[in-house]
Structures are given as C-alpha cells and as structure tokens.
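Remarks on the overall topology
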Amino acid sequence: MSDHVYKQIELTGSSTTSIDDAIRTAIAKASKTLRNLHWFEVTETRGQIENDRVAYWQVTIKVGLRIDD
C-alpha cells in the first residue's frame, strides 16, 4: 500500500430540496473540473427561511483531493 497526500478545498452547495442534495450538488459541480475527489466532511449547515418555511439549504463541506503520484 502506498502513502497518499491530500489537498483540502472548501465548497458550499445549495438546494431547495434537502441537505443531502446540497452536498451532492457541490460535489457534482466540483467533479466537472477537479479529479481524484476522495472524501468530504460537513463543516456547516445553514438554511434560508421565507414565509415561515425553509426556502433552501446551504451546506459547506471540506473535500479531500488525492494528489497524483
């Protein structure tokens, strides 16, 4: 097994549907221009309230990218 090195970036995804969808949106968008996405960690969750209802979710995540050998 070889040792790996990772770089961390921070992303914030949003969704009107759910927290899960906000995370998946951020990862899907990042994967279009980045490679070797390996893990994520939720660091913050927020939401917007409009007319006494949740209008959308915002989720900030740290994403680990494995550096190529």
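Higher on the page you've got the structure.
Presented here is a report on the structure given in the accompanying data block. Just so it is clear, the model here is predicted, and its values are computed rather than measured.

Should the charged atoms of two oppositely charged side chains come close, the side chains can pair. Counting across every chain of the model gives three salt bridges. Across the pair Glu44 and Arg46 runs a salt bridge whose closest N-O atoms are separated by 2.9 Å. Among the residues examined, Arg46 registers a relative accessible area of 31% and is labelled partly exposed.

What follows covers unusual backbone geometry. In this structure, Asn36 takes a positive phi of about 65° despite not being glycine. By the secondary structure assignment, Asn36 is in the loop between helix 1 (19-30) and strand 2 (37-50). Assessed through its relative accessible area of 21%, Asn36 is described here as partly exposed. Within the chain, Asp52 stands out as a residue other than glycine whose phi angle is a positive 65°. Within the fold, Asp52 resides in the loop between strand 2 and strand 3 (53-66).

Rules used throughout
In this numbering scheme, every chain counts its residues from 1 along its sequence in written order. Per-residue local features are limited, in this predicted model, to residues with pLDDT of at least 70; the limit for side-chain atom pairs, both in listing and counting, is 80 or more; totals at the level of whole chains, interfaces and linings are taken over all residues. To obtain the side-chain values, all non-hydrogen atoms of the structure were used and water was disregarded. The salt bridge criterion pairs a side-chain nitrogen of Lys or Arg with a carboxyl oxygen of Asp or Glu, the two atoms within 4 Å. For every residue, the accessible area (1.4 Å probe, protein chains only) is compared with the maximum for its type, and the residue is labelled buried under 20%, exposed over 50%, or partly exposed between those bounds. Working definition: helices are DSSP H or I runs of at least four residues, strands are E runs of at least two. Numbering for both runs from the N terminus.

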